[in-house]
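# Structural overview for review
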Amino acid sequence: MTATPIVLLHAFPLDHRMWDDVAADLAGTRDVLTPDLPVPAGEDLPEPSLESAADHVAHAIRAAGGGPAVVAGLSMGGYVALALLERHPDLVAGLALVDTKSTADAPDAAAKRLRVADEVQAAGTVDPVRGMVEVLLGETTRTARPEVVERVSAWIGEQDPARVAWSQRAMAARPDRTAVLQAFDGPVTVVVGDEDSVTGTDAAEHMAAAVTQALLVVVPRAGHLSAVEDPAAVRTALVELARRADGTTA
Ligand code: MLT
């Protein structure tokens, strides 16, 4: 049986390090890719669009041996995973949608993203998004685990403002991809922290309902960054999904 590789796509405004704990545990059993979005650090940014981020991920999968892969995306990573599924369906053997949604932004949310992108660009720093740590982490983590708050704050502080502005503009332009998800006939797992106040359980239930055989995993006492707040729970969900995908790629 083939051990399907796993691709882990990160959230905003973060980078591949948010998957470190999950990836370390998975790496002994199968190939794990954690590309930075939208392109590797130091490369020129394309025009803002999640489609170009998805094409970069496709390139990374092909460069690493071709796939198909189990693709797991958390929040913005999930938006990119769905764009990848639409543009490169041959590369997706299974899909994990973690603390994310398949729908587009409402007009006011998209407009807010564009304002934040302009602010970040004008400031030349990530200061306008530093406060996001408060919404990314669940209440339990915020009150009981200051070291996690500190870790995520440090990651945000280290982001490149140009990439932060790029991501906001790209996310503002994304379409509803529920139909893309609906048309996928591979295994799907939807994961959500029960304290996720960004995308939340309603969005997770909507995605799980779109697919006949989706598994819905609710992670207790975790917020929007469930893979950081409870990496063991997310890893367990991914291992189970990968086993289902192995059966289809063997
Ligand atoms: C993320 O975690 O990637 C962002 O919160 C996504 C978003 O702003 O929609």
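To be clear, the structure that these remarks concern was listed above.
Let me begin by describing the structure that accompanies this report. Everything numeric in this text was worked out from a predicted model, so none of it was measured.

## Points about the packing of aromatic side chains
One pass over the structure, following the stated rule, counts zero aromatic pairs. Between Arg-174 and the ring centre of Tyr-79, over which it is positioned, the NZ or CZ distance is 3.8 Å.

## Some details on helix α2 (residues 50–63)
Under the 1.5 Å per step criterion, the end-to-end length of α2 is 20 Å for 14 residues, consistent within 8% with the ideal 20 Å. Of all the residues in α2, the buried ones are Leu-50, Ser-52, Ala-53, Ala-54, His-56, Val-57, Ala-58 and Ile-61. Contact partners of the buried residues in α2: β1 (6–9), β2 (32–33), α3 (76–87) and α9 (161–172).

## Some remarks on α9
Two residues of an α-helix separated by three or four positions point the same way, owing to the 3.6 residues in each turn. Given a rise of 1.5 Å per residue, twelve residues ought to cover 16 Å, and the 17 Å separating the end C-alpha atoms of α9 matches this to within 8%. In terms of burial, α9 is a largely internal element, ten of the twelve residues being buried. Its buried side turned inward, α9 meets α2, α3, α4 (107–123) and α5 (127–130). Where α9 begins, the capping side chain belongs to Asp-160, and its oxygen is found 2.9 Å from the backbone nitrogen of Ala-162.

## Quick notes on the site of the ligand
Neighbouring the ligand are Ala-11, Phe-12, Ser-75, Met-76, Tyr-79, Arg-113, Leu-136, Met-171, Val-198 and His-224. Between the ligand and Tyr-79, the relevant distance is 2.6 Å, taken from an oxygen atom to a side-chain nitrogen or oxygen of the residue. For the ligand, an oxygen atom lies 2.6 Å from a polar atom in the side chain of Arg-113. In the complex, 93% of the free accessible area of the ligand, which totals 270 Å², lies under the protein chains. Split by residue class, the shell around the ligand holds seven nonpolar, two polar and one charged.

## Concerning the sheet that holds strand β3 (residues 69–74)
Taken together, the six strands give an open sheet; going across it, the order is β2-β1-β3-β4-β5-β6, and neighbouring strands pair in parallel fashion. The open sheet is flanked by β2 and β6 (214–219), the only strands paired with a single partner. As defined by bridge partners, strand β4 (residues 92–98) adjoins strand β5 (residues 188–193) across four bridges and the pair is classed as parallel. Pairing of Leu-95 across the sheet is with Val-188, part of β5. Running over the sheet, helix α11 (residues 200–210) touches β4, β5 and β6 and is turned about 170 degrees from β5.

## Focus on the environment of Ile-156
Its place among the elements puts Ile-156 in helix α8 (residues 146–157). Ile-156 sits in the buried class, given a relative accessible area of 1%. Once the C-alpha coordinates of Ile-156 and Ala-204 are considered, the two residues, 48 residues apart in sequence, prove to be 25 Å apart. Among all residues touching Ile-156, those that are not within four sequence positions of it are Pro-13, Leu-14, Val-126, Val-129, Arg-130, Val-133 and Leu-136.

## Some remarks on the nonpolar core
It is characteristic of soluble globular proteins that their nonpolar side chains tend to be buried jointly. With 80 residues, the main nonpolar core has Leu-95 and Val-152 as its most contacted residues. With eight residues, the top contributor of residues to this core is α3. When residues no more than four places from it in sequence are discounted, the contact partners of Val-152 are Leu-14, Val-133, Leu-136, Leu-137, Leu-225 and Val-228.

## Notes on the side chain of Thr-189
Here Thr-189 lies in strand β5. Discounting chain neighbours no more than four positions away, the residues touching Thr-189 are Leu-95, Ala-96, Leu-97, Leu-215, Val-217, Ala-237, Glu-240, Leu-241 and Arg-244.

## So, unusual backbone geometry
That bond from Phe-12 to Pro-13 is cis: its omega, -5 degrees, falls within 30 degrees of zero. Looking at the secondary structure, you find Pro-13 in the loop between β1 and α1 (20–26). Looking along the chain, the bond that leaves Leu-37 and enters Pro-38 is cis, with omega of 0 degrees. With respect to the secondary-structure elements, Pro-38 resides in the loop between β2 and α2. Although it is not a glycine, Ser-75 adopts a positive phi angle of roughly 55 degrees. Tracing the backbone through its elements, the reader meets Ser-75 in the loop between β3 and α3.

Calculation criteria
Residues numbered from 1 in each chain as written. Predicted model: local features only at pLDDT ≥ 70, side-chain atom pairs only at ≥ 80, totals over all residues. Heavy atoms only, no water. Phe/Tyr/Trp six-rings, centres within 6.5 Å; stacked < 30°, edge-to-face > 60°. Lys NZ or Arg CZ within 6 Å of the ring centre and 35° of its normal. Helix = DSSP H or I, 4+ residues; strand = E, 2+ residues; numbered from the N terminus. Expected span 1.5 Å × (residues − 1). Buried < 20%, exposed > 50% of the residue type's maximum accessible area, 1.4 Å probe, protein only. Contact = heavy atoms within 4.5 Å. Polar contact = N/O pair within 3.5 Å; in protein donor to acceptor, adjacent residues only side chain to side chain. Near = heavy atom within 4 Å. Areas by Shrake-Rupley, 256 points an atom, 1.4 Å probe, with all protein chains shown as cover. Nonpolar A, V, L, I, M, F, W, Y, C, P; charged D, E, K, R; others polar. Pairing = 2+ DSSP bridges. Axes fitted to C-alpha atoms, helices over the stretch in contact; angles between N-to-C directions. Core = buried A, V, L, I, M, F, W, Y, C linked by side-chain atoms within 4.5 Å.

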